[in-house]
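# Structure assessment
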Number of protein chains: 2
Amino acid sequence: MCKPLPLENNLLHDSPQQNHLDVTHIKSSCATCSLRELCLPVGLNNQEIQILGDVVSHKRKVRRGGYLHQSGLKFQSLFAIRSGFLKTCVLEEDGRQQVTGFHMTGELLGLDAISSEIHTCDAIALEDSEVCEIPFTKLEEISIIIPSLMRHFHKIMSREIVRDHSVMLLLGSMKAEERLASFLLNLSRRFSMRGYSESDFNLRMTREEIGSYLGLKLETVSRAFSKLQDENIITVDNKHIQINDINRLKMKMGNSSCIT
Amino acid sequence: MCKPLPLENNLLHDSPQQNHLDVTHIKSSCATCSLRELCLPVGLNNQEIQILGDVVSHKRKVRRGGYLHQSGLKFQSLFAIRSGFLKTCVLEEDGRQQVTGFHMTGELLGLDAISSEIHTCDAIALEDSEVCEIPFTKLEEISIIIPSLMRHFHKIMSREIVRDHSVMLLLGSMKAEERLASFLLNLSRRFSMRGYSESDFNLRMTREEIGSYLGLKLETVSRAFSKLQDENIITVDNKHIQINDINRLKMKMGNSSCIT
DNA sequence: TATTAACTTTGATTCAGATCAATCAGAGCA
DNA sequence: TGCTCTGATTGATCTGAATCAAAGTTAATA
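Just so it is clear, the model here is predicted, and its values are computed rather than measured. (Residues numbered from 1 in each chain as written. Chains lettered and ligands numbered in written order. Predicted model: local features only at pLDDT ≥ 70, side-chain atom pairs only at ≥ 80, totals over all residues. Heavy atoms only, no water.)

## A look at the protein's contact with DNA strand C
- Near DNA strand C you find 18 residues, and of these Ala176(A), Thr220(A), Arg207(B), Ser222(B) and Ser226(B) are the closest.
- Taking all atoms of DNA strand C within 4 Å of the protein, the share assigned to sugar and phosphate is 64%.
- Interatomic distance of 2.6 Å between a side-chain N/O atom of Ser226(B) and a phosphate oxygen of DNA strand C.
- Counting only elements with at least two residues in the surface near DNA strand C, the list comes to α7 (218-230) of chain A together with α7 (218-230) of chain B.
- In terms of residue count, the dominant contributor to the surface near DNA strand C is α7(B) (5 residues).
- Residue composition of the surface near DNA strand C, by class: 4 nonpolar, 6 polar and 8 charged. (Near = heavy atom within 4 Å. Polar contact = N/O pair within 3.5 Å; in protein donor to acceptor, adjacent residues only side chain to side chain. Helix = DSSP H or I, 4+ residues; strand = E, 2+ residues; numbered from the N terminus. Nonpolar A, V, L, I, M, F, W, Y, C, P; charged D, E, K, R; others polar.)

Below you can see the structure in the form of structure tokens.
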């Protein structure tokens, strides 16, 4: 009853690129925009990669604080993050705002806009970032030629739905400290999958942005950080986080009814 | 600043079948399982409908309280609801549970399972229901033959993501009464789109299930109902709901900082 | 039709997190 | 170097929703 929960079922995000590209070298029409980092080419052969490469040719930079896309604007392309860190957020006229996700290398942005062909959220860079633009109609066209690409794209969309359901569970039934623990473990895992330390990293977002994502006020986020630090589970120095005891952090997330 | 929010941007669900099937008569291998009600055939010609009909041939009934699918089981098919009412919920080992959605005629279930090919949530009928089973690999195959079907399917998936983001906004930033108002307006709209009254309907779910969906305890849901009734905005008789003043209900949802 | 079980409402009390407020730390800049 | 601005921390207080508890109501089943 009180055993720690398995990692995979509980984290907010699933990685969109668990099986990283196993192709050694790619010729693409855009030499600087290697497909290597992207989430899409998983399991494609060289010729297929070539076809995809012709579509994913346009690279774009977004400076810290800049918009990759804005809610209300016409949708034309998905964006695959090559480097950097972005947030997406939905905004109501009444000022209510909700950060719906934080996104890093290899992840795909813009999926929400396919339905209405209008972006439903803002995507804002939290550090200087680079993305590859993928014109969506072209992606659909080559999906017909490369069924494995289509299948993979469907999985990416589905994974986003699973991720959203996890966040709904978090927002609907977790306490502040549990939410923060989930959040940190999720970041930890995603950093580690990208070859960075799982226990030592810098946050790119403010306490307020974390709060918006987790359905908490910034003061509550700050207090939860301090609490975890007091218990020696993490060390916090402003945006720099060290996880000292990942198992106890998992316990925090796992089950509030456990006596701690 | 305090104007009521436009309906479309604020409701929890978008309908997956706004453009209802405009084809008059369909020959299908499953006469009793007309494609008419389904969300998929939008904009297809007769021949295409025929192809789709061969895929969507298997009909299934689920009695009230029964499972359509269970978390952890292998995914093979999507399910299009022909009639009835279901809930989906994610369940943690520690007993934490979250209703992730309520689903009615024309909606498509199972999208979350595409990513891992294992169902990540339970789908339980809240009243006797009928669904059409759509083997997913077959759907992907004919998507190649019928690009407009593929495009439509992508839109359906994307719409689910948009819906989930709305729920995240609700869970992350709304007060109890606002959440209930959103919920009722959403149901109202979906009933009305299906030809039922938008102001007079029966709930299929318990207060506890509503609470789970809205991130509230059942007592809080009950109190919120009573409060809206005291203000003459709705009339509640157990599961039977009448909306007396839809505009004031929208105000409730719109902006808590409005003086009411 | 009686009996039980499941669901709903309402009240009293408690508590987690919001709000209000003050201080502090770091970054950018004149 | 001091100044300003943004963001982070911490404390005090308040409040909305959770929790605990007791009826009351409806639906299910024998």
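## Section: the relation of the copies chain A and chain B
- Laying chain A over chain B is done by rotating through 180 degrees and shifting 0.0 Å along the axis; what remains is an RMSD of 0.0 Å. Accordingly, the operation relating the two chain copies is best matched by a two-fold axis. Taking the C-alpha atom as reference, chain A places Ile144(A) closest to the rotation axis, 2.5 Å from it.
- The share of interface residues of chain A whose copies in chain B are also at the interface is 100%, consistent with both copies meeting through the same surface. (Least-squares fit on C-alpha atoms with pLDDT ≥ 70 in both. Contact = heavy atoms within 4.5 Å.)

## Brief notes about the side chain of Arg194(B)
- Positionally, Arg194(B) belongs in the loop between α5 (176-193) and β7 (200-202).
- Here the side chain of Arg194(B) touches Glu107(B) through a polar contact of 3.4 Å, side chain to side chain.

## Some words on the sheet that holds strand β7 (residues 200-202) of chain A
Residues and elements named next belong to chain A.
- Ordered in space as β7-β9-β8, the 3 strands form an open sheet in which the pairing is antiparallel. Lying at the two open borders of the sheet, with one neighbouring strand each, are β7 and β8 (234-237). Pairwise comparison of adjacent strand axes, ignoring direction, gives a mean angle of 15 degrees for this sheet.
- Helix α5 (residues 176-193) contacts β7, β8 and β9 (240-243) of the sheet and is inclined by roughly 100 degrees relative to β7. (Pairing = 2+ DSSP bridges. Axes fitted to C-alpha atoms, helices over the stretch in contact; angles between N-to-C directions.)

## Some remarks on the sheet that holds strand β8 (residues 234-237) of chain B
Residues and elements named next belong to chain B.
- Reading across from one edge, β7-β9-β8 is the order of the 3 strands in this open sheet, with antiparallel pairing throughout. The strands lining the two open edges of the sheet, one partner per strand, are β7 and β8. Neighbour to neighbour, the strand axes of the sheet diverge by 15 degrees on average, direction disregarded.
- As judged from the 4 bridges shared by β8 and strand β9 (residues 240-243), these two strands associate in the antiparallel manner. The partner of Val 236 across the bridge, within β9, is Ile 241.

## Here's the deal with helix α3 (residues 136-145) of chain B
- Buried residues of α3(B): Phe136(B), Leu139(B), Glu140(B), Ile142(B) and Ser143(B), and no others.
- At its buried positions, α3(B) is contacted by α4 (147-173) of chain A together with α2 (46-55), β3 (77-91), β6 (122-135) and α4 (147-173) of chain B. (Buried < 20%, exposed > 50% of the residue type's maximum accessible area, 1.4 Å probe, protein only.)

## Description of the interface of chain A and chain B
- The interface is formed by 53 residues belonging to chain A together with 54 residues belonging to chain B.
- Each partner contributes to the roughly 4,700 Å² buried at the junction of chain A and chain B, and carbon and sulfur atoms together form 60% of this total.
- Area buried by chain A at its contact with chain B is led by Arg96(A), His154(A) and Met168(A), which between them contribute 15% of it.
- In this assembly, chain A and chain B are joined by 6 salt bridges.
- In this structure, Arg151(A) and Glu140(B) form a salt bridge, with 3.2 Å as the shortest nitrogen-oxygen distance.
- The interface formed by chain A and chain B contains 21 residue pairs in polar contact (both at pLDDT 80 or more). (Buried area = accessible area lost by both parts, 1.4 Å probe. Salt bridge = Lys/Arg side-chain N within 4 Å of Asp/Glu carboxyl O.)

The analysis is restricted to geometry; functional conclusions fall outside its scope.
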